[in-house]
Amino acid sequence: MRILISADMEGISGVSRWEHVSMNDSEYQTYRKIMTEEVNAAIRGAFAGGAEEVIVHDGHSRGQNILIAELDPRAELSKGTCSPYCMMTGIDTGIDAVFTVGYHAKAGSAPAILAHSMDDHILSYRVNGLEVGEFGLSGILAGRFGAPIIYASGDQTFAAEARELYPEIIVTTVKIATGYYSGICFPVESNRAKIEADAKTALERFRAGAGPKALTIHTPATLEVNYAQPFSAEKAAELPFVKRESGRTVSIVCRNAVEVYQFSAMMSRYTG
Ligand SMILES: [Zn+2]
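Scope of this entry: the structure provided in the associated data block. (Residues numbered from 1 in each chain as written. Predicted model: local features only at pLDDT ≥ 70, side-chain atom pairs only at ≥ 80, totals over all residues.)

1. Quick notes on helix α6 (residues 257-267)
Item 1. Across the 11 residues of α6, 8 count as buried, placing the element largely inside the fold.
Item 2. Every buried residue of α6 is listed here: A257, E259, V260, Y261, F263, S264, A265 and M267.
Item 3. Close packing links the buried residues of α6 with β5 (122-127), α2 (134-144), β10 (221-227), α5 (230-236) and β12 (249-254). (Buried ≥ 20, exposed ≤ 12 C-beta atoms within 10 Å, placed from the backbone. Helix = DSSP H or I, 4+ residues; strand = E, 2+ residues; numbered from the N terminus. Contact = placed C-beta atoms within 7 Å.)

2. Topic: the nonpolar core
Item 1. Counting 84 residues, the largest nonpolar core has I5, A42, F99 and I150 as its most contacted members.
Item 2. For I5, the residues in contact, after removing those within four places along its chain, are V39, A42, I43, V54, V56, F99 and V101. (Core = buried A, V, L, I, M, F, W, Y, C linked by C-beta atoms within 7 Å.)

3. Some remarks on the packing of helix α1 (residues 28-48) against helix α4 (residues 188-207)
Item 1. Where α1 meets α4, the axes come as close as 7 Å, and the angle between the chain directions of the two elements is 30°. Of the possible angle classes, the one that applies to α1 and α4 is roughly parallel. In this structure, the crossing between α1 and α4 has a hand that is right-handed. In this structure, α1 contributes I34, E37, E38, A41, A42, R44, G45, A46 and A48 to the contact, and α4 contributes V188, N191, R192, I195, E196, A197, D198, A199, K200 and L203. (Axes fitted to C-alpha atoms, helices over the stretch in contact; angles between N-to-C directions. Parallel < 35°, antiparallel > 145°, perpendicular 65-115°, else oblique. Left-handed = near helix turned anticlockwise from the far one by under 90°.)

4. A closer look at α4
Item 1. Its 20 residues place the ends of α4 29 Å apart at the C-alpha level, agreeing with the 28 Å of an ideal helix rising 1.5 Å per residue.
Item 2. Regarding α4, the residues found buried are N191, R192, I195, E196, D198, A199, K200, A202, L203 and F206.
Item 3. Where α4 is buried, its residues contact α1, β4 (97-101), β7 (149-155) and β8 (170-177).
Item 4. Looking one or two places after α4, you find G209, whose phi comes out positive at around 90°. (Expected span 1.5 Å × (residues − 1).)

5. Topic: the pairing of strand β1 (residues 2-7)
Item 1. Among the 6 residues in β1, 5 count as buried, and that is most of the element.
Item 2. Note: β1 against strand β2 (residues 53-58), 6 bridges, orientation parallel. Pairing of I3 across the sheet is with V54, part of β2. (Pairing = 2+ DSSP bridges.)

6. Looking at unusual backbone geometry
Item 1. Residues A110 and P111 are joined by a peptide bond in cis, for which omega reads -15°.
Item 2. Looking at the secondary structure, you find P111 in the loop between β4 and β5.
Item 3. Along the chain, T219 connects to P220 via a cis peptide bond; the corresponding omega equals -5°.
Item 4. Its identity as a non-glycine residue notwithstanding, C86 has a phi of 50°, on the positive side.
Item 5. Looking at the secondary structure, you find C86 in the loop between β3 (75-78) and β4.
Item 6. The class of C86 is buried, set by 24 C-beta atoms lying within 10 Å.

7. So, the sheet that holds strand β6 (residues 130-132)
Item 1. Read across the sheet, 5 strands follow the order β6-β5-β10-β12-β11 without closing on themselves; strand pairing throughout is antiparallel. On the outer flanks of this sheet lie β6 and β11 (243-244), each paired with one strand and no other.
Item 2. Where β5 lies against β10, 5 bridges are found, and the strand directions are antiparallel. Counterpart to V127 in the pairing with β10 is L223.
Item 3. Seen against the sheet, α6 touches β5, β10 and β12 and runs at an angle of roughly 15° to β10.

8. Structural notes on the packing of α2 against α6
A pair of packed helices is characterised by two quantities: the angle between their axes and the separation of those axes.
Item 1. In contact at an axis separation of 8 Å, α2 and α6 are set at 150° when each is read in the N-to-C sense. Where α2 crosses over α6, the handedness of that crossing is left-handed. Mapping the contact onto sequence places L137, I140, L141, G143 and R144 in α2 and A257, V258, V260, Y261 and S264 in α6.

What follows is the structure, given as structure tokens:
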């Protein structure tokens, strides 16, 4: 049983401002340590639940957040950009199931701490008409490799989004968002214990044949990207395979879920 843990930072305990997740800010060091410990809790849960191998991908920003010297040595760490599967690097290494730690709700959700989809200038992604954020895109990609996301952590609005895609997923709610920059944050120590216990339960259920199933999408799939500014759509539409649908919106026909994922990451670079 090989598990991929895809880690982001906005949904980590206590995070409620961009400054907490931005490399050059004074508070960043505190939160990257908390992130590392929450990933460690998920690793302990994975091994306690029957995992034989765990690979962690550091998926926030440039992928340089997790403190390697403090990471549980039983896990491999994938880090840095650009990697072929972005936040899900490692998914092509024989993964049976995926955990996400510290993910956030999709752009436009409320109340949801730091809700966004890849880039602040993207209002939404739609795959075959279904609006998805980073979690949904990760799930679609994982589905192509036959793996479901069986465990996640984040705020309560993210949790609801995760359950819409995978009704049987186990989610640890580490904070209750009251706004974009505000929330009731549960203590770090108790969140860590909950993450470990919930991750263990999720994997035990999966190994027993219960829990979420891998997502599948109808292909060819249509990926729609709705930008905040028409200029972004204009720039993206310079690429021959991108069709301008309206002032702010472009679409791409994708042959499979890997293309859906890679094109959504690529389209997030056409915003400025
Ligand atoms: Zn992030």
